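Breakdown of the fold
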Amino acid sequence: MSAIENWYHSESMENRKESARRIAYRFRQNPLSLVGLGIIVGLVFIAIFAPYIARHPQDAGYMGEPAVDFANRFAEPSLAHPFGTDQAGRDILSRVIFGTRYSLALGLFVLTFAIGIGVPVGLVAGYVGGFTGQVLMRITDIFLSVPPLVLALAVAVPLQPSLRNAMIAIAVVWWPWYARLVYGEVISVREEQFVEASRGIGASRIRIMFREILPNVLAPITVKFSLDMGYAILIGASLGFLGLGAQPPTPEWGTMIAEGRAYLPAQWWYSTFPGVAIFIAVLGFNLLGDGLRDVLDVEVD
Amino acid sequence: MSRTDPILELRDLEVHFDTFDGRARVINDVDITVDEGETVAIVGESGCGKSVTAETIMGMLPQPPGEIVDGELYYKGEELLGDQTAHERVKSESMGMIFQDPMTSLSPVFTVGEMMRDVLTYQGKTNVGWLEIVRNVLGRRDADEAEMRDRSVELLDQLQIPDPEGVLDRYPIELSGGMRQRVLIAMAMLGEPEFLIADEPTTALDVTVQDQILDLLTEQIERENLSMLYITHNLGVARRIADRIYVMYAGEIAEVGTRDEILDEPLHPYSRGLVDSVPKLTEFDRDGIEGLLPDYTDPPSGCRFHPRCPAAMSGTCDVERPPRYELSSGQEVACHLYEDGLSRAEAAEIAAEEIEFDSGAAFEDRPTSEPAQDRSSVKGESAGTTASIDAQTPRSAEDTDE
Amino acid sequence: MSSDHTRADETDSIDDTDEPLLQVRDLEKYYPITGGLLKKQIGEVKAVDGVSFDVRRGETFAIVGESGCGKTTLGKTIARLHAPTGGSIRFDGRDISALSERDLKPVRREIQVVYQDPTSSLNPRKRIKDIVAEPLVVHDIGTKAERRERVAELLERVDLPEDFLYRYPNELSGGQKQRVAIARALTLNPSLLVLDEPTSALDVSVQAKVIALLEELQAELDLSYLMITHDLSLTKNIADRIGVMYLGKLMEKAPAETLFDAPQNPYTEQLLSAIPIVEESEAAFKPERISIRGETPDPSDPPSGCPFHPRCHRAVDDCSRVEPELVDVGTDHVSRCLLHDEDESEM
């Protein structure tokens, strides 16, 4: 068997190199997607190493309640505080840096939840079809017929306003989009003969859905995941801004914008920099998503 | 060239494609002549470049990624490849085209009658302004309208379409495959062409329908004294329709001869392998042909067929590209086994002696040099290329037998 | 494996009295046509309409017909990828036409399908080794090492190099992919292969080798083939017996030689007449040229009487009214045509 092992390694290494080369080539065709990738990598790095990057981690509530320093309130952007300080004298740069953690966490949670629910629903509805499929997709349609932000608001309002509940509210809104996407993909993959061939071998429905069909619909899910990260962050920030998400003094971007709104336009830096952070994050995920869409050659939406 | 009056002459055509894997040298030095009133078939397997050749003649080669590197195309003595306006004019005045899939050539949102009317209105015009189109849509004269309709009905009738009046008011989707193909032929005939190019027009059809369509085509050609270039992979169809046959392999012409010469006693090892492999009512040879179509970005030196050829002579075939040797009968074979001026009998003897396909090798359609790599596996790099030019274009070896 | 003892069977024909491997009787597969908001059934397509035939052990039975004749549905119904709406399918002495998916699982080891388009029938996201091993995994057979060994052995059997194990389908040529599909079908040692146009997506030089492989495998592994195809010339070369289908019905059934030498049904005559021959020498094997008209009608609205009468060159008045039955016209030779009844009464 060692010969086979050898082959395995040589072959797969060769193939891996080859496909990596192609992917790199496709990415190069679309330089903006590389910018997006750079932004995302940067954001993740910042989120992970926030305590070491931020000059005043305690201002963002690192290891305890956010510190206050009223002597220093509303300091204009300067070398000491590049993004200025807020009404409690906290360093906005440090808070924006820590905000990355909340936004990424929110996006990840929401989408993991949405994919966890939406993908199986779409798979079952698409492959099993019939009455079950109809019921599942009609439920999905009901969710889809209400604008997401409105629905998220409707879910968030009765809950205690908090970051966690905001995440739940958004996740509830989000899964139907994945159900719909996967359903559409499954409908076409289902007709491929390898699905029938698998049935002819005696494979169970579960096996066919998850082992045969699912790998063939991963590409659009990946692209949508990337595109959606931006939107999820945006909606999370919107809920924060409306006071339904993370509560002050949590350094969440939307919450910070809402807080700073009261001090516009004199203390313009308070709302502006968290806004710019949202803009960059959303842009980054969108650019990456677009690039992935080209690389994986899929249509989403 | 001993022939007197070619209506179409393609000389030294070389077409390259830019792909992700490099420059694919697809068409290599192809010459094709079609005489007045003659039907010529180009036969070959998928990926051999027959459709690229047809696209070049029709002026429909997508450029880029394709590029005509060299070659001339003479239509009644007028050079077309160097002069796009002339090409357009000749195409619209004198050429008719029939494609494989009528559904993609017919617009689903217009009725057959509307499409035929438009062909009649705009044929021969290479440059139509918006104003003219609007004027035509708004104020078409009834007399013209009736005349066009009559002409359309007449043509549909010639193509044995039952109830031609009714068909004019129907959409393509309401017609059967055979009817659509007939409509397509009728539309190609509307412009009263002298020269038809047909690219696998019966491939998607059932045999009984194919039989009818071939009958109709032959009939039209005889009635109007047309010349035709017919592209097909089906040797049986080529026998039904062609006077002369060009066998193409890997972007080169392997052999040219009359229908009977090529099909009853092919001389080129490739043609022989091809003809032998077709299941026949008599029998067929299960040995097939070793190997795969070569990678066009790195074609074999010498004869492009030599890596798969059972009669290949090392030192010759892998070094020197065979010229087209002309036998005394006029048949031409691009193979080092032969020489100029041989009689057919002599050539046949050589073929019988030298060409022996055997089933010995275990991994017969295993690539000869490097493993087949599907370039379309990561789509897009040559997206324009592969998608738009159809399966006949040079993706690479893996497409050989699809 | 059962490779050696079958060799002898090739020569002494298969007329031992043992029961045919597959007996299909009056098989029907009707599809409802629904319409309107309430999806009410407004009609049905008789894709397979009362088809009966046997596949004997070790033989190749071919179903020939044009598009829309129901041949593919027939093959898939027999492989129980579809549930029949009527009739019976006896496989190895047991009626499998009404078995539930669970009861079918052991049957699936015995009947496997090879599809027309290997690009579609192989999962593009799986390596060849996983594709070929899948039947073993599904049926929970063997240890990992045993499976690996079996897959390597199968790949060798279909003449593919071992290093293909770790490739993905899109790295293979069409002919190579079809060999993988054949290997997968053989994994569980089936006794019947349904070959659904197994070579029509391939170029002829590749087709020839795949056919050679199928013939070899049949002899070595004692396989029976139900081959579905539109290529009459091919069936003449490889089939033992042939059934000709038109609009869901079997029009004629005969041993291959008989069918080509003395076709009895006008539809078979037309099919033979329409074959585009390649070599002059083939002409001797074709009937007189028949002028053919029309195309297969819409299967949801078949003609009355004999389904073929609107296109038939021998049609008489009665053909549009009376539906002909299959009648014996020779040894192991049946045909569906009103003219046969007349012949008989004349005799």
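This is a predicted model, so every value here is computed, not measured. (Residues numbered from 1 in each chain as written. Chains lettered and ligands numbered in written order. Predicted model: local features only at pLDDT ≥ 70, side-chain atom pairs only at ≥ 80, totals over all residues. Heavy atoms only, no water.)

Looking now at the overall build of chain C. In terms of regular secondary structure, chain C is built from eleven helices and twelve strands. Expected size for 347 residues packed as a compact globule is a radius of gyration near 20 Å; at 21 Å, chain C falls within 12% of this value. Dimensions of chain C, computed from the C-alpha atoms along their principal axes, are close to 70 × 60 × 40 Å. For chain C, the residues scored as buried account for 59% of the 347 residues in total. Across chain C, every contact between residues at least 6 apart in sequence was considered, and the portion connecting residues at least 24 apart equals 65%. Per element, the accessible surface of chain C, about 13,900 Å² overall, is 46% carbon and sulfur. (Helix = DSSP H or I, 4+ residues; strand = E, 2+ residues; numbered from the N terminus. Rg over C-alpha atoms; globule rule 2.2 N^0.38 Å. Buried < 20%, exposed > 50% of the residue type's maximum accessible area, 1.4 Å probe, protein only. Contact = heavy atoms within 4.5 Å. Areas by Shrake-Rupley, 256 points an atom, 1.4 Å probe, with all protein chains shown as cover.)

On a plain count of helices and strands, chain B comes out with 14 helices and twelve strands. Within chain B, the proportion of its 402 residues that are buried is 56%. Put simply, chain B shows about 15,800 Å² of open surface, and 46% of that area lies on carbon and sulfur atoms.

This brings us to the confidence of the model for chain C. Residue and element names in this part refer to chain C. Averaged over all residues, the pLDDT of chain C equals 88, while 93% of them reach at least 70. Within the model, pLDDT remains below 50 along residues 1–16, and this stretch shows 13 contacts once partners closer than five positions in the same chain are excluded. Both scores are given for the predicted complex: the pTM is 0.83, the ipTM 0.83. (pLDDT = per-residue confidence, 0-100.)

Facing 56 residues of chain B, the contacting portion of chain C comprises 58 residues. For the pair chain B and chain C, the two sides together bury roughly 4,600 Å², of which 52% comes from carbon and sulfur. Our count for the contact surface shared by chain B and chain C stands at five salt bridges. For Asp215 of chain B, the salt bridge is made with Arg289 of chain C, and the minimal N-O distance between the two is 2.8 Å. Between the two partners, chain B and chain C, sit 22 residue pairs in polar contact (both at pLDDT 80 or more). It is helix H9 (residues 207–224) of chain B that contributes the most residues to the side of chain B that touches chain C, seven residues altogether. (Buried area = accessible area lost by both parts, 1.4 Å probe. Salt bridge = Lys/Arg side-chain N within 4 Å of Asp/Glu carboxyl O. Polar contact = N/O pair within 3.5 Å; in protein donor to acceptor, adjacent residues only side chain to side chain.)

On to the domain arrangement of chain B. Residue and element names in this part refer to chain B. By domain assignment, chain B separates into domain 1 (6–98 + 195–371 + 381–395) and domain 2 (104–190). For domain 1 and domain 2, the distance between their C-alpha centres works out to 33 Å. Contacts between domain 1 and domain 2 engage 19 residues on the former and 13 residues on the latter. Between domain 1 and domain 2, the buried area comes to about 1,300 Å², and carbon and sulfur atoms account for 67% of it. When the buried area of domain 1 at its contact with domain 2 is split by residue, Ile98, Leu216 and Gln220 rank highest and sum to 36% of it. Those elements that provide at least two residues to the side of domain 1 that touches domain 2 are helix H2 (84–94), strand E6 (95–98) and H9. Looking at the side of domain 1 that touches domain 2, its residues break down into ten nonpolar, four polar and five charged. (Domains from an automatic or database assignment. Nonpolar A, V, L, I, M, F, W, Y, C, P; charged D, E, K, R; others polar.)

Residue and element names in this part refer to chain B. Across the sheet, which stays open at both edges, the four strands sit in the order E2-E1-E4-E5 with antiparallel pairing between neighbours. Taken across any chain shown, the strands that pair with only one partner, and hence form the sheet edges, are strand E2 (22–35) and strand E5 (78–79). Across two bridges, the pairing between strand E4 (residues 66–75) and E5 is antiparallel. Counted as the bridge partner of Tyr75 is Glu78 from E5. Along the sheet, helix H1 (residues 50–58) contacts strand E1 (6–19), E2 and E4; its crossing angle with E1, the most-contacted strand, is approximately 115 degrees. (Pairing = 2+ DSSP bridges. Axes fitted to C-alpha atoms, helices over the stretch in contact; angles between N-to-C directions.)

Attention now goes to a negative patch on the surface. Taken together, Glu326, Glu339, Asp340, Glu346, Glu349, Glu353 and Glu354 of chain B make up a surface patch of like negative charges. Among the structural elements, Glu346 of chain B can be located in helix H13 (residues 344–354). (Patch = residues over 30% accessible without salt bridge, like charges linked within 9 Å, V, L, I, M, F, W, Y side chains within 5 Å. Lys, Arg positive; Asp, Glu negative; His and termini not counted. Charge placed at Lys NZ, Arg CZ, Asp CG, Glu CD.)

Moving on to the confidence of the model for chain B. The share of residues in chain B with pLDDT of 70 or more is 86%, and the mean pLDDT across the chain is 80. In the model, residues 360–402 of chain B has pLDDT below 50 throughout and makes 118 contacts with residues more than four positions away in sequence or in other chains.

Moving on: the side chain of Ser205 of chain C. Tracing the backbone shows Ser205 of chain C in helix H7 (residues 204–221). In terms of polar contacts, Ser205 of chain C uses its side chain to reach the side chain of Glu45 of chain B, at 2.8 Å. With sequence-adjacent residues up to four places away left out, Ser205 of chain C is seen in contact with Glu45, Ser277, Gly288, Ile289 and Arg308 of chain B.

Residue and element names in this part refer to chain A. Their axes nearest at 9 Å, the elements helix H5 (residues 130–144) and helix H7 (residues 163–189) cross at an angle of 130 degrees. Judged on the interaxial angle alone, H7 and H5 are oblique. Helix-helix and strand crossings are classified by hand; for H5 and H7 the assignment is left-handed. Across from Met137, Ile139, Thr140, Asp141, Phe143 and Leu144 in H5, the residues of H7 making contact are Val172, Trp175, Pro176, Trp177, Ala179, Arg180 and Tyr183. Of the residues contributing to the contact of H5 with H7, the split by class is ten nonpolar, one polar and two charged. (Parallel < 35°, antiparallel > 145°, perpendicular 65-115°, else oblique. Left-handed = near helix turned anticlockwise from the far one by under 90°.)

Turning our eyes to something else, we now look at H13 of chain B. All names here are of chain B. Within H13, burial applies to Ala347, Ala348 and Ala351. The buried side chains of H13 occupy one side of the element, clustering within an arc of 100 degrees when seen end-on. Set apart from the buried face of H13 by more than 90 degrees, the exposed residues are Ala345, Glu349, Ala352 and Glu353. Residues of H13 that are buried in the fold lie against helix H12 (269–277). (Arc of directions from axis to C-beta.)

Turning to the sheet that holds strand E8 (residues 224–229) of chain C, a few remarks are in order. All names here are of chain C. The strand order across the open sheet formed by eight strands is E6-E7-E8-E3-E9-E10-E12-E11, and the pairing between neighbours is mixed. Of all strands in the sheet, those bounded by a partner on one side alone are strand E6 (111–114) and strand E11 (326–330). The mean inter-strand angle of the sheet, taken between neighbouring strand axes irrespective of direction, is 20 degrees. Judged from the five bridges that link them, strand E7 (residues 192–196) and E8 form a sheet pairing that is parallel. Each bridged residue has a counterpart across the sheet, and for Leu193 the counterpart in E8 is Tyr225. In the packing of helix H1 (residues 71–78) onto the sheet, contacts are made with strand E3 (60–64), E6, E7, E8 and strand E9 (241–246), and the angle to E8 comes to roughly 150 degrees.

Here the bond from Pro248 of chain A into Pro249 of chain A is cis, since omega is 5 degrees, no more than 30 degrees from zero. Mapped onto the elements, Pro249 of chain A comes out in the loop between helix H9 (205–241) and helix H10 (253–261). Omega for the bond connecting Leu264 of chain A with Pro265 of chain A falls within 30 degrees of zero, at -5 degrees, which places this linkage in the cis form. Structurally, Pro265 of chain A can be placed in the loop between H10 and helix H11 (268–296). One non-glycine residue, Asp12 of chain B, adopts positive backbone phi at about 50 degrees. Turning to its location among the elements, Asp12 of chain B is positioned in strand E1. Judged by its relative accessible area of 30%, Asp12 of chain B falls in the partly exposed class.

All right, on to the packing of aromatic side chains then. According to the stated counting rule, one finds 18 aromatic pairs over all chains in the structure shown. Measuring from ring centre to ring centre gives 4.9 Å for Tyr249 of chain B and Phe305 of chain B, while their planes differ by 80 degrees; the resulting arrangement is edge-to-face. One end of the pair, Tyr249 of chain B, is in strand E9 (residues 244–249); the other, Phe305 of chain B, is in the loop between H12 and strand E11 (325–326), with 56 residues separating them in the sequence. Here Tyr249 of chain B and Phe305 of chain B have matching classes, each one buried. Here the aromatic rings of Tyr246 of chain C and Phe308 of chain C are separated by 5.0 Å at their centres, their planes lie at 85 degrees, and the arrangement is edge-to-face. Taken together, the residues Tyr246 of chain C in strand E9 and Phe308 of chain C in the loop between helix H10 (266–274) and E11 connect sequence positions 62 residues apart. Of the two residues, Tyr246 of chain C and Phe308 of chain C, both sit in the buried class. Among the aromatic side chains, those forming a connected cluster through ring pairs are Phe83, Trp268, Trp269 and Phe273 of chain A. (Phe/Tyr/Trp six-rings, centres within 6.5 Å; stacked < 30°, edge-to-face > 60°.)

Turning to a nonpolar patch on the surface, a few remarks are in order. Taken together, Val44, Phe45, Ile48, Phe49, Tyr52 and Ile53 of chain A make up a surface patch of nonpolar side chains, about 610 Å² in accessible area. Ranked by residue count, the leading element in the nonpolar patch is helix H2 (residues 31–48) of chain A, at three residues.

The next thing to look at is the environment of Met137 of chain A. All names here are of chain A. Assignment of secondary structure puts Met137 in helix H5. With relative accessibility at 1%, the residue Met137 sits in the buried group. Linking Met137 and Val124, residues 13 residues apart in sequence, is a C-alpha distance of 9.9 Å. Ignoring sequence-local partners within four residues, the contact set of Met137 consists of Ala125, Ala179, Arg180 and Tyr183.

This next bit is on the pattern of salt bridges. Counted under the stated rule, the structure contains 60 salt bridges over all chains. Two residues, Glu165 of chain B and Arg149 of chain B, come together in a salt bridge whose shortest N-O distance is 3.3 Å. Here Glu165 of chain B, found in helix H7 (residues 164–168), pairs with Arg149 of chain B, found in helix H6 (residues 142–158); they are 16 residues apart in sequence, far enough to count as distant. You can call Glu165 of chain B partly exposed: its relative accessible area is 41%. Look at Arg149 of chain B and you get partly exposed, because its relative accessible area is 29%. Of the charged contacts in the structure, one is a salt bridge between Asp332 of chain C and Arg241 of chain C, with a shortest N-O distance of 3.5 Å. Of the two residues, Asp332 of chain C is situated in the loop between E11 and strand E12 (333–336) and Arg241 of chain C in strand E9; the sequence distance between them amounts to 91 residues. Residue classification places Asp332 of chain C among the partly exposed residues on the basis of a relative accessible area of 29%. For Arg241 of chain C, a relative accessible area of 4% gives the class buried. Salt bridges linked by common partners bring Arg239, Arg259, Asp260 and Asp264 of chain B together with Glu280 of chain C together as one network.

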